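Here is what each chain is made of, one letter per residue.
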Amino acid sequence: MSSHREAPYISSDPVADNTDVYAFVSPDAPDTVTIIANFIPLEAPAGGPNFYQFGDDVQYAINISNSGTQDDISYQFAFSTAAPDPAAGFLYNTGPITSLSDSTWNRKQTYNVTKVQGGTSTTVGTSLPCPPCNIGPLSTPDYPALAAAAVQTLSTGEKVFAGQRADAFFVDLGAVFDLGDLRPFASLHAGGGALGMHDGINTLGASNVHTIALQIPKTMLTSDGSNPTDPAKPTAVIGVYASASRQKAQVYDSSQGHFNGSGPYEQVSRLGMPLFNEVLVSLGTKDQWNASSPFNDSQFVSDVSFPALADLLPSLYPGVFPNLQALNAKLESMPPAKQRADLVAIFLTGLPAGIVPGFQNVTAGGNTQADLLRLNMAIPPAKSPNPAGLVGGDAAGFPNGRRLQDDIVTIELRALAGVTYPLVDSSYTPDAAASKVTDGATGAGLNLLSCFPYMPLPYSGYYTPSSTPVGNAGEAVPAGAPETGGGGAAGLADRVPLAVGAAAVATAGAAAVVLGHRNSGRTHAHANGSEAMAVPGTADEA
């Protein structure tokens, strides 16, 4: 999560694995948009001597659509790693790294940037430097300075950064993948009566990722070159996704000990909306989803319009979601266009005007179903961002783009649980638990930067949070060392252990409940695009 090891094939190819994508109006430069694409999940900070790096054989891309029907602008990144000094031994560095050109650093990585727009490819950055990984106080004594030196400006004016950062996404993976026994109300789980209720744990709180970040003037992103100020205009909305591609043929070179690629590049990973492939797409088609264009996503509409997790919640938590259970029973036999139109709008088309007062994030392509992170650039940054985003009254937050502090797991769990269904059917009343459900994990301690590239400094190998928490009594910590992850975040006051009354907890084990439910014949074929329709505004239309 949000796209860490989310599909069988890409889980064996981590350097090409998109983990998260963010897009937001830059809070300190509101005439620009910042887009962040992260790759290489679950990096152990002390993962030497071969520390993590971008793949020299992977073509990374940040793709922008202002039409909603195709890639209109694409920034492509190609990395190159300097050959190590044969006399350097096994070490990543032979002394302190105090600048990006130090000879003590044996694995320097640089990259070129190509901008593709209107059928024309232009090289806009050449041999730009990546910073080293954050090794420790003796090897990288002033890591913030090294990272700052890696912020570059492209020939066309955009800011760019590529290098290691701390993972800003927060989620309780251990709970989510243990049959969904979410800690804040695990005692209500079908098999969790003895687990009790506890705060969530940010499993990613000690992990790093590799980040590619761009800060782009809004005038470069709109189809007409304008700086959007009217949120109602389709030209104010862009769709964003990141991708990674490999050459089609891979041949092993025994003399070099590695594979060499040849032929055209083929996409092996992509990501727009968080948790799309991770949670919504069926296991048997996850690899297919990664290889396909987002503009062909109508083939996956049934995974969105009747998601498996929403179908399972009432069985996982007996008696807690009776209204959702009744809704699922009502919608189950309907075609995708008649099911969860709220989720289709959130994940595939954007929210049209009239659903949320004063807000819309539909691209010029209208109801084209595509997994794009849609951002209305005319909505200014919030002075006090609410991690609940749009459902918390903050129109600058998810699903209007995505900020680093947005609590994606809680927002999407609540949407799946039915909180957003009244947007398309006012007669529906969500369960009391739907507005409380959460995994309980937060991003406290992440130390987000107040300026580009905003992602927090990476955890160092020496100060690995899981073994040497920063701030221990008597421990000397150099300036700039990151804090540990975990803890609580402001803005979601209801993120406490859930209390919904005396819900009946089934005596059967959770595994039996899940298997029995999934084997009950509830199958849903993928729909074709002909069944797609606009978000309805009334129950009759639904």
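Residues numbered from 1 in each chain as written. Predicted model: local features only at pLDDT ≥ 70, side-chain atom pairs only at ≥ 80, totals over all residues. Heavy atoms only, no water.

Examined bridge by bridge, strand S5 (residues 109-117) and strand S6 (residues 120-129) share seven bridges and lie antiparallel to one another. Looking at the pairing, Gln117 lines up with Thr120 of S6. Joining the antiparallel neighbours S5 and S6 is a turn of two residues, in which Gly118 adopts a positive phi near 60°. (Pairing = 2+ DSSP bridges. Helix = DSSP H or I, 4+ residues; strand = E, 2+ residues; numbered from the N terminus.)

Where burial is concerned, most of helix H6 (residues 308-316) is hidden: seven out of the nine residues are buried. If you check which residues of H6 are buried, you get Ala310, Asp311, Leu312, Leu313, Pro314, Ser315 and Leu316. (Buried < 20%, exposed > 50% of the residue type's maximum accessible area, 1.4 Å probe, protein only.)

Here Leu271 shows up in strand S11 (residues 258-271). We classify Leu271 as buried; its relative accessible area is 1%. Taking C-alpha positions, Leu271 is 8.0 Å from Asn290, a pair spaced 19 residues apart along the chain.

The biggest cluster of nonpolar side chains holds 118 residues, and the ones touching the most others in it are Ile64 and Phe77. Among the elements that make up this core, the one with the highest residue count is helix H8 (residues 341-349) (seven residues). Those residues in contact with Ile64 that sit more than four places away from it in its chain are Ile35, Gln70, Asp71, Asp72, Ile73, Tyr75, Ile216, Leu221, Ile238, Gly239 and Val240. (Core = buried A, V, L, I, M, F, W, Y, C linked by side-chain atoms within 4.5 Å. Contact = heavy atoms within 4.5 Å.)

This part is about the packing of H6 against helix H7 (residues 322-331). Relative to each other, H6 and H7 sit at 130°, their axes nearing to 9 Å. Taken together, the axes of H6 and H7 lie oblique to each other. Helix-helix and strand crossings are classified by hand; for H6 and H7 the assignment is left-handed. Here Ala310, Asp311, Leu313 and Pro314 of H6 come into contact with H7, specifically with Leu324, Gln325 and Asn328. Split by residue class, the contact of H6 with H7 holds four nonpolar, two polar and one charged. (Axes fitted to C-alpha atoms, helices over the stretch in contact; angles between N-to-C directions. Parallel < 35°, antiparallel > 145°, perpendicular 65-115°, else oblique. Left-handed = near helix turned anticlockwise from the far one by under 90°. Nonpolar A, V, L, I, M, F, W, Y, C, P; charged D, E, K, R; others polar.)

This part covers the pairing of strand S9 (residues 208-217). Counting buried positions along S9 gives nine out of 10 residues, so the element sits mostly inside the fold. Two elements, strand S2 (residues 32-43) and S9, share nine bridges in a ladder whose sense is antiparallel. The partner of Val33 across the bridge, within S9, is Ile216. Examined bridge by bridge, strand S8 (residues 159-166) and S9 share eight bridges and lie antiparallel to one another. Bridging from a neighbouring strand, Gln164 pairs with His210 of S9.

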